[in-house]
Amino acid sequence: MFCAIVAGRAPASIVYRDRVALAFMDVNPVRPGHVLVIPTAHRAQIWDLDEAESAAVSRRLPALAAALKAATAADAVTIFGLNGKAAGQTVFHVHFHLVPVHADDPLLRRRGRRVTFRLVLRRASRAQLDTLARRIRARLAQPLTLTADRHSLASGSRRSGLRDVRGA
Ligand code: AMP
C-alpha cells in the first residue's frame, strides 16, 4: 500500500521525500500532525532493513520531529513503530509514527505501575492533511539549516539533504 504512495500512484500529503525515505501525513491521525516515515524500498518490518537502509531512514527523524514539534506548537513528540501483526501492525511496510503531543492531551498515562497509551484514530480531510504537511515542510528547512550551521557541515550529503527538503 505504501509502495503506491512512493510510486505516486496513491494520494498522500508529503512532508519530506528523497531517494531512500519518505514522510507523509497519516490519513487517520491519532493527533493532528501525525506523520509516518518510511523507507522507499519495500520492507515489511524493521528487521528486514539492512544497516545502511535503517541509518538512511533514521537520520531523518531528528529534523522531522523538530519540524513537527514547531509546526504544531507541541510540547513533545512520541515516536513509535509496530513491527509484526502481534504488535498491532496493520500496514506491512516499515514505518515510524511521529505524533505531536500537547501537555494537556497526553498520549501516555502513568498510574503507578500501570502505563497506558491512549490512541484514538481521527478523521482528517485531504485539505487538512495538506495544510499540516505544508506547515511542517516550512519548518523543516530551518532545523536542518541550523544543524548544518552548528556543526559547520558542508558535506555533499548534507547539502543534498537540504535540496531534497526544498524540492519536496
Ligand atoms: P500500523 O498500525 O502501525 O501498521 O499503522 C498504519 C498506519 O498507516 C495507520 O495509522 C493508518 O492510519 C495509516 N495509513 C494507512 N493507509 C494510509 C494511507 N494511504 N496514507 C496515509 N496513512 C495511511
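Data block above holds the structure.
Predicted model only: the values in this text are computed from it and were never measured.

Chemist: How would you explain the overall build of the chain if you had to name every residue and give the values?
Modeler: For the chain, the count of helices and strands is five helices and seven strands. From first element to last, N terminus to C terminus, the chain shows the α and β order α-β-β-β-α-α-β-β-β-β-α-α. Expressed as a percentage of the 168 residues in the chain, the buried residues total 28%.

Chemist: Can you lay out the nonpolar core for me, pointing to particular residues and giving the numbers?
Modeler: Side chains of nonpolar character tend, in soluble globular proteins, to be buried together. Among the nonpolar cores identified, the biggest contains 32 residues, and Ala23, Val35, Val37 and Leu64 are the most heavily contacted of them. Within the residue set of this core, elements represented by two or more residues are β1 (14–17), β2 (21–25), β3 (35–39), α3 (61–71), β5 (96–101) and α4 (126–150). For this core, the element with the highest residue contribution is α3, accounting for six residues. Each residue touching Ala23, except ones within four places of it in the same chain, is listed here: Val15, Tyr16, Val35, Leu36, Val37, Arg60 and Leu64.

Chemist: Outline the pairing of β2, supporting the account with residue identities and numerical values.
Modeler: Burial of β2 is extensive: five of the five residues sit out of reach of the surface. Of the two faces of β2, both are covered, the one formed by Ala21, Ala23 and Met25 as well as the one formed by Leu22 and Phe24. Hairpin connection of β1 to β2: three residues between the antiparallel strands.

Chemist: Tell me about α3, and please be specific about residues and values.
Modeler: Of all the residues in α3, the buried ones are Ala63, Leu64, Ala65, Ala67, Leu68, Lys69 and Ala71. At the exit of α3 stands Ala73, carrying a positive phi of roughly 50°.

Chemist: Please provide a residue-by-residue account of unusual backbone geometry, values included.
Modeler: Positive phi, close to 50°, is recorded for Ala73, a residue that is not glycine. As for its placement among the helices and strands, Ala73 is situated in the loop between α3 and β4 (76–80).

Chemist: Describe the sheet that holds β4, with residues and values.
Modeler: Strand order in this open sheet of five strands is β1-β2-β3-β5-β4, and the pairing throughout is antiparallel. A single partner strand is all that each edge strand has here, and the edge strands are β1 and β4. Neighbouring strand axes in the sheet, compared pairwise and without regard to direction, differ in orientation by 20° on average. As defined by bridge partners, β2 adjoins β3 across five bridges and the pair is classed as antiparallel. Along β3, the bridge assignment pairs Met25 with Val35. Lying on the sheet, α3 is in contact with β1, β2, β3, β4 and β5; it crosses β5 at an angle near 30°.

Rules and cut-offs
Along each chain, residue indices are assigned from 1 in the same order as the chain's sequence is written. A pLDDT threshold of at least 70 governs which residues receive local features in this predicted model, and a stricter bar of 80 or more applies before side-chain atom pairs are shown or counted, although totals over entire chains, interfaces and linings include all residues. Helix and strand definitions follow DSSP, with helices as H or I runs of at least four residues and strands as E runs of at least two, each counted in order from the N terminus. Partly exposed residues are those falling between the two cut-offs: more than 12 but fewer than 20 other C-beta atoms within 10 Å of their own, whereas 20 or more means buried and 12 or fewer means exposed, with C-beta atoms placed from the backbone. By convention in this section, buried Ala, Val, Leu, Ile, Met, Phe, Trp, Tyr and Cys residues joined through C-beta atoms within 7 Å make up a nonpolar core. C-beta atoms are placed from the backbone for every residue, and two residues are taken to be in contact when these atoms lie within 7 Å. The rule for pairing is simple: two strands pair if DSSP sees at least two bridges between them. Axis lines are fitted through C-alpha atoms, for helices just across the contact stretch, and the angle between N-to-C directions can take any value from 0 to 180 degrees.

Distances and angles like these do not, on their own, reveal function.
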